[in-house]
Amino acid sequence: PVNTMGMDFWKELRAVVDDLEADKEVRAMIFQSGLKRNVFTAGLDIQELYAPNSSEARYREFWTALTTTLVKIYSTPKMTAAAIKGACPAGGCCLSLCCDYRVITADG
C-alpha cells in the first residue's frame, strides 16, 4: 500500500501543523514520505471521492479538511519544504506547492 491522502490524513496533518506552529522552538517544517519506495504520495484517496461510498456531507467535510490544511501550510510563518522522492500526483503536488521550497529527486 501507498500513502493516500484521505480525510483522516488531512485532519491529522492540520493538527500537527497547528502544534508545530504554536511551538516557539520549531523554525521549519519538512514534509516527506516515510515509505522506502520512490513515492512522495499516492495522491488523494479515491474512496473519498467515489460517490457510492460517500455522501454530500462527507464530501464537503473532506474538501474542507483538505483546503483548510493546505491554506494553513501555505500561510504559516514557519519555513516549509517538501522533500519529494518519486511520484507526487494530485494532493501531494498541491501540498508541495503550498510549501516555501520544494526539493525533488531526478526520478520524481
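Residues numbered from 1 in each chain as written. Predicted model: local features only at pLDDT ≥ 70, side-chain atom pairs only at ≥ 80, totals over all residues. Heavy atoms only, no water.

S.K.: Is there a simple way to think about the packing of aromatic side chains in this case?
M.R.: A ring pair, where both rings are aromatic, is described by two values, the distance of the centres and the angle of the planes. A complete count under the given rule lists 3 aromatic pairs for this structure. Ring geometry for phenylalanine 9 against tryptophan 10: centres 5.1 Å apart, planes inclined by 85 degrees, an arrangement best described as edge-to-face. Under the relative-accessibility criterion, phenylalanine 9 is labelled partly exposed at 32%. With relative accessibility at 0%, the residue tryptophan 10 sits in the buried group. For the ring pair phenylalanine 62 and tryptophan 63, a centre distance of 5.3 Å and an interplane angle of 75 degrees mean the geometry is edge-to-face. When its relative accessible area of 29% is taken as the criterion, tryptophan 63 is described as partly exposed. (Phe/Tyr/Trp six-rings, centres within 6.5 Å; stacked < 30°, edge-to-face > 60°. Buried < 20%, exposed > 50% of the residue type's maximum accessible area, 1.4 Å probe, protein only.)

S.K.: I tried to follow the sheet that holds strand 4 (residues 79–84) on my own but got confused; where do I start?
M.R.: Strands belonging to one sheet form pairs held by backbone hydrogen bonds; the direction of such a pair is parallel or antiparallel. On the basis of which strands lie adjacent, the open sheet formed by 3 strands has the order 2-4-5 and parallel pairing. Looking at strand neighbours, the two that pair on one side only are strand 2 (28–32) and strand 5 (101–104), the edges of this open sheet. Sheet twist, expressed as the average angle between the axes of neighbouring strands with direction ignored, equals 20 degrees. Strand direction decides the pairing type here: strand 2 and strand 4, joined by 5 bridges, are parallel. Bridge pairing links alanine 28 to methionine 79 in strand 4. (Pairing = 2+ DSSP bridges. Helix = DSSP H or I, 4+ residues; strand = E, 2+ residues; numbered from the N terminus. Axes fitted to C-alpha atoms, helices over the stretch in contact; angles between N-to-C directions.)

S.K.: Looking at this structure, I do not really get the side chain of lysine 72. What am I missing?
M.R.: By the element assignment, lysine 72 lies in helix 3 (residues 56–75). Engagement of the side chain of lysine 72 in a polar contact is seen with the side chain of aspartate 18, the distance being 3.5 Å. Excluding residues within four positions of it along the chain, lysine 72 makes contact with Arg14, Val17, Asp18 and Glu21. (Polar contact = N/O pair within 3.5 Å; in protein donor to acceptor, adjacent residues only side chain to side chain. Contact = heavy atoms within 4.5 Å.)

S.K.: Got a minute to help me understand the environment of valine 71 in this structure?
M.R.: Mapped onto the elements of the fold, valine 71 is located in helix 3. Here the alpha-carbon distance between valine 71 and leucine 95, two residues 24 residues apart in the chain, equals 9.5 Å.

S.K.: Would you explain the side chain of glutamate 48 in this entry?
M.R.: Among the structural elements, glutamate 48 can be located in helix 2 (residues 46–49). For glutamate 48, a relative accessible area of 8% translates into the label buried. Ignoring any residue separated from it by four or fewer positions in sequence, one finds glutamate 48 in contact with Gly6, Met7, Ser54, Arg58, Tyr59 and Phe62.

S.K.: Would you take a moment to explain the environment of alanine 81 for this structure?
M.R.: Position of alanine 81 relative to the elements: it lies in strand 4. Distance from alanine 81 to valine 26, taken between C-alpha atoms, is 14 Å for residues 55 residues apart in sequence.

S.K.: Is there a simple way to think about the layout of surface pockets in this case?
M.R.: Taken as a whole, the largest pocket holds about 270 Å³ of empty space. Along the wall of the largest pocket there are 17 residues; nearest its centre are Phe9, Leu13, Phe31, Gln32 and Leu95. Those elements giving two or more residues to the lining of the largest pocket turn out to be strand 1 (4–5), helix 1 (7–22) and strand 2. The element contributing the most residues to the lining of the largest pocket is helix 1, with 5 residues. Grouping the amino acids of the lining of the largest pocket by side-chain chemistry returns 11 nonpolar, 6 polar and no charged. (1 Å grid on protein atoms, 1.4 Å probe; cavity = no way out; pocket = protein on both sides within 12 Å on 5 of 7 lines; lining within 4 Å. Points joined across faces, edges and corners; volume = space filled by probe spheres on them. Nonpolar A, V, L, I, M, F, W, Y, C, P; charged D, E, K, R; others polar.)

All quantities given are derived from atomic positions and should not be read as evidence of function.
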